[in-house]
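# Reading the structure
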Amino acid sequence: MAGDSKIEEKTQMKDLNRLPTTACIIVLTTILAACSSPQDNTAATATDGDDTQAVAPRFNAPNLVMPKDTIIAEPQANAYREAYFGDLHVHTDYSFDAYAFGTVATPYDAYRYAQGEAIAHPAGFQVQLGQPLDFYAVTDHAMFLGAVKAAANTNTEFSKEPHVQDLHNINAPDNLNLASLPQRVKAFSTFLPDTLNRITSGQTDVAIVNQIAKDAWADIVQAAQANNRPGEFTTFVAYEYTSSTDGRGNLHRNVIFRDSDKLPALPFSRFHSQNPEGLWDWMDGLRAQGIETLAIPHNSNGSNGAMFQMVDWASNPIDETYAQRRIRNEPLVEITQVKGTSETHPLLSQNDEWANFEIMPYRIATTIASQPEGSYARQALLNGMTLADQGLTNAYQFGFVGASDTHTGAASLDEESYFSKVGLLDSDGSRRGSQPLTAGDAEIIKAAGRVEIKQIGGKQYATGAYETWGASGLTGVWAEENTRDAIYRAFRRKETFATSGPRMKVRLFAGYNFGGNTLNDTNEVAAAYASGVSMGSELLANGDQTPTLLAHATQDPNSAPLQRLQIVKGWTVDGEHNERVYDVACSDGGLVDTVTHRCPDNGAQVDLNNCTISSNLGAAELKAKWRDPEFNPEHRTFYYVRALENPTCRWSTWDAIKAGATPRSDLQATIQERAWSSAIWLVPNAG
C-alpha cells in the first residue's frame, strides 16, 4: 500500500464467506447490523498464505491489568503536561450509513477539517471549526467498509450486483437534496440484508466485498499517515466495531491503534463476532504480536442496559478472567456525543440536580425506550467497585472521553452553528425538529419514513430522536507533547477528560502531602504529580488520614464563563451504592453552603430573544483544595470533577431564533455546558 504503513497479512481475519450459516439481520435506521450466532464469540486469525484456518482458540491473557510497556510513565520532559483536545469518533464516506445519506468527505477531508480548513457538508454549505483541534481519528464502520461507496460508483465490479442498482450515483451533485431522501432510505434499508443474504447464499462473491474493505482500510491508514505531524497535529488509525444485542441494545466501540507501522489487514467487525468479548480476544492476540490498541464503548445510553451489565455474554456473573480482559482492552468510555450524554440519568441519580443533561432516551437509531439501569457511566463506576469489594478486578475502572460521532467528517461542536451528524437527514432545523416543517418538506419526510410528524402549537414538526441530540463533544488529555505516543499514554493512564463541546480544561489530584499547594503555577502542578496521584489513578488509604483533593477548571475563552466546580463522589458500603455531588468552588464570590453543599445561584440569565447571556457573571477559573467531610477510609470510593458553565442557548433555540420561529415548548431552551474529569479511586484499608 502507499506510504510507510505496513499491513500485516499474518493478522488478517477470517473472510465473510466463513460467516455462520445462522447469520441474521437486524435492520435499524441509521445503522444496519448483521448479527452472527450468539455462540460465535471468538476472535479469528489467519497465518501467511492460509485463508482457510479455523477460528483460533480464545487467547489466554497474562495476569496483568495492562501490559507493563503500556503503563509506564513517559520521561518527565514536561512534568506540568499540557491539555490537548481532539475527537476519536469520526465517520467519512467509507461508512455505509454516512455515504448513503450524502457524505462524500474522505478521511483526508476529515483531517483537513480538524486542522482548521473548511469542507463541504452534504447539504451544500461549508463547515469549519472556530479553531483547529490537536488530534483526530477517523473511525469508519468496519462492517461493509467502503461497500456503499463502491456500489454507487458504476465503474466498480460490485456496482453491477442486481441489489445495489438504487445506489448508483446516489451522491452525484444533482442527487444531494432533500427530495432524494425516500430513495436513499429505501436503498439503504435493503442494502445490508440483501448483500448479506447474497453472500451467504453464494450469489455474491465475498472476495469482492473483502477487497473493497481492504482497499478502504489501506486508504484510511494512508490518510492518517499523511496527516500526522508530531508536535503539531496527531492522527490515530482507528475504526468502529458496530454491534448490538438482538434487542437493539447498543454495543458499539471505537478501536484506536497506538501505532501505524504494523496493523491488521482488516478490522475486526460484527461479522466476526456479535459478542464484544470476541473483539477483546482479537485485541489480545494483536497485542501479543506487538500491535497495541484500545477500545472505547460509546452511547451506553442507548444500550438498553447491555453496556455495563454485571454478567457476561452468556449471562454468567462477571469473573476474574472477564474483568481483566475488559479493563485491559477498554480503559476509557465515551460519555458524551451528539446522540446524548451518558454520565448519569435522573432516575439513577435522583439527588443530582444536573443529571438531566442532554438525555437521549432511546435505543440507537430507534424511538424505543432504552433502559437506564446498566446504561450510564456513573452507575458503572459503582458496579465496578462492587466487583472490587468481591475481590475481583474492577472491570469498570475507566476514564472519561467525549466525541462527536459525526457522519460528515466534520465534528459539530457549537450550539449556535450546529449541523448535527447524519448528512442530508438532519442538515437543517426543520429536518431535526427545531423549526416548523413546510408542507412540501413534511410530505418528503413522511415518504422517507425517517421520522414522525408532530403538531405543536398548530404547526408541523419532525419528531423522533434528532431533537434529543446535542452539539457534543470532545476528548481532552493531559500529555507531555502532541504526539501519538504521548497522547496514547495519556489514554492508557486515563489522564483524560470529556467536554460537551467547549474547550474547558479540568484537573484533579489527590494525596496526603500537598501542603500549601493550590495549583497556582506550573511548579505547584508538577509538585502535585510528584506528591499525589492524578485523575485516572488509585490512591491507597493511609490509616485514618483524610486525603486532600486539588480540583481546577478553566473556561473556554470562546464560550461562557464557569458557574460552579463540583466533585462527584461514589462509594460502596456492604454492597450498597451511594453517591453525592459536592459543589466545591463558586463563581462571583459565592460560598458553598455547609449543609446542602451547594453554591448559591449566581443569577446568570439568557435572553431567549437573541441568546445573549449575562455579562460580568461567572468565572474564568475555579479551583478548590477540598477534603471530603464524610470520608471513611473503610469505604471504596471514587471522586471526579464536573465543571459547569453559565446557562447558554441550546442549539434548538438557536435554530428557532434564526428562522424567526418560537422555540419548541417541549424542548429545553438552555443548557449548561460542562466538563468531566476521569475519576480517582480510593482503595480502602485492608479489612
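Residues numbered from 1 in each chain as written. Predicted model: local features only at pLDDT ≥ 70, side-chain atom pairs only at ≥ 80, totals over all residues. Heavy atoms only, no water.

### Remarks on the overall build of the protein
The criterion, for reference: Here a strand is any run of E in DSSP of at least two residues, a helix any run of H or I of at least four, and the numbering for each starts at the N terminus. The contact definition used throughout considers only heavy atoms, calling two residues in contact when any of these lie within 4.5 Å. Computed by Shrake-Rupley with a 1.4 Å probe, the accessible areas treat only the displayed protein chains as cover when residues are assessed.
Tallying secondary structure elements over the protein gives 13 helices and 30 strands in all. Sequence-distant contacts in the protein: of pairs separated by 6 or more residues, those separated by 24 or more amount to 76%. Put simply, the protein shows about 23,900 Å² of open surface, and 48% of that area lies on carbon and sulfur atoms.

### Observations regarding the packing of aromatic side chains
What counts, and what does not: Stacked, edge-to-face and tilted are the three classes for Phe, Tyr and Trp ring pairs, Trp counted by its six-membered ring, which pair at centre distances within 6.5 Å; planes under 30 degrees apart are stacked, over 60 edge-to-face, the rest tilted. For every residue, the accessible area (1.4 Å probe, protein chains only) is compared with the maximum for its type, and the residue is labelled buried under 20%, exposed over 50%, or partly exposed between those bounds. Geometrically, a charge over a ring is one whose NZ (Lys) or CZ (Arg) sits within 6 Å of the ring centre while staying within 35 degrees of the ring normal.
One pass over the full model with this rule turns up 31 aromatic pairs. Ring centres 6.1 Å apart and planes at 35° place the aromatic pair Tyr241 and Phe268 in the tilted group. Taken together, the residues Tyr241 in strand 8 (residues 234-241) and Phe268 in the loop between strand 10 (263-264) and helix 6 (276-288) connect sequence positions 27 residues apart. Residue Tyr241 is classed as buried on the basis of its relative accessible area, which comes to 0%. Given the relative accessible area of 0%, Phe268 is considered buried. By the ring-pair criterion, three or more aromatic residues cluster together here, those being Trp217, Tyr239, Tyr241, Phe257, Phe268 and Trp282. If you follow Lys421 out to its NZ or CZ, it ends over the ring of Trp469, 5.6 Å from the centre.

### What to know about the pairing of strand 7 (residues 135-138)
Note the following rule: In short, DSSP must find at least two bridges between two strands for them to pair.
Of the two faces of strand 7, the one holding Phe135 and Ala137 and the one holding Tyr136 and Val138 are both buried throughout. Of the strand pairs in this sheet, strand 4 (residues 82-90) and strand 7 are connected by three bridges, and their pairing is parallel. Bridge pairing in strand 7 links Val90 to Val138. Direction of pairing for strand 7 relative to strand 8: parallel, over a ladder of four bridges.

### With respect to the packing of helix 6 against helix 7 (residues 320-329)
To keep things clear, this is the line we draw: Angular values range over 0 to 180 degrees, each being the angle between N-to-C directions of two axes fitted as lines to C-alpha atoms, with helices fitted over their stretch in contact. Oblique is the label for every angle not falling under 35 degrees (roughly parallel), over 145 degrees (roughly antiparallel), or within 65 to 115 degrees (roughly perpendicular). If you view the pair so one helix is near and one far, a crossing is left-handed when the near helix is turned anticlockwise from the far one by less than a right angle, and right-handed when it is turned clockwise.
Close contact between helix 6 and helix 7 brings their axes to 10 Å; oriented N to C, the two are set at 70°. With respect to their mutual orientation, helix 6 and helix 7 come out roughly perpendicular. Remark: the crossing between helix 6 and helix 7 carries left-handed chirality. Between helix 6, through Glu277, Trp280, Asp281, Met283, Asp284 and Arg287, and helix 7, the contact on the second element is made entirely by Tyr322, Arg325, Arg326, Arg328 and Asn329.

### Considerations on helix 10 (residues 439-448)
Which entries qualify depends on this criterion: Working note: the arc is built from the helix axis to C-beta atom directions.
All of the buried residues in helix 10 are Ala442, Ile445 and Ala448. Across the axial projection of helix 10, the buried residues extend over an arc of 125°, all falling on one side. Opposite the packed face of helix 10, turned more than 90 degrees from it, sit the exposed residues Ala439, Glu443 and Ala447. Lining the buried residues of helix 10 we find helix 4 (181-201), helix 9 (429-432), strand 15 (452-456) and strand 16 (459-463).

### Topic: the sheet that holds strand 19 (residues 505-511)
The four strands lie next to each other as 20-19-22-25, forming an open sheet whose pairing is antiparallel. With partners counted over all chains shown, the strands left at the sheet margins are strand 20 (532-534) and strand 25 (621-626), one partner each. With direction set aside, neighbouring strand axes in the sheet form an average angle of 15°. Two elements, strand 22 (residues 548-554) and strand 25, share six bridges in a ladder whose sense is antiparallel. Among the inter-strand pairings, Thr554 is bridged to a residue of strand 25, identified as Glu621. In the packing of helix 12 (residues 522-531) onto the sheet, the strands contacted are strand 19, strand 20 and strand 22, and the crossing angle to strand 20 comes to about 105°.

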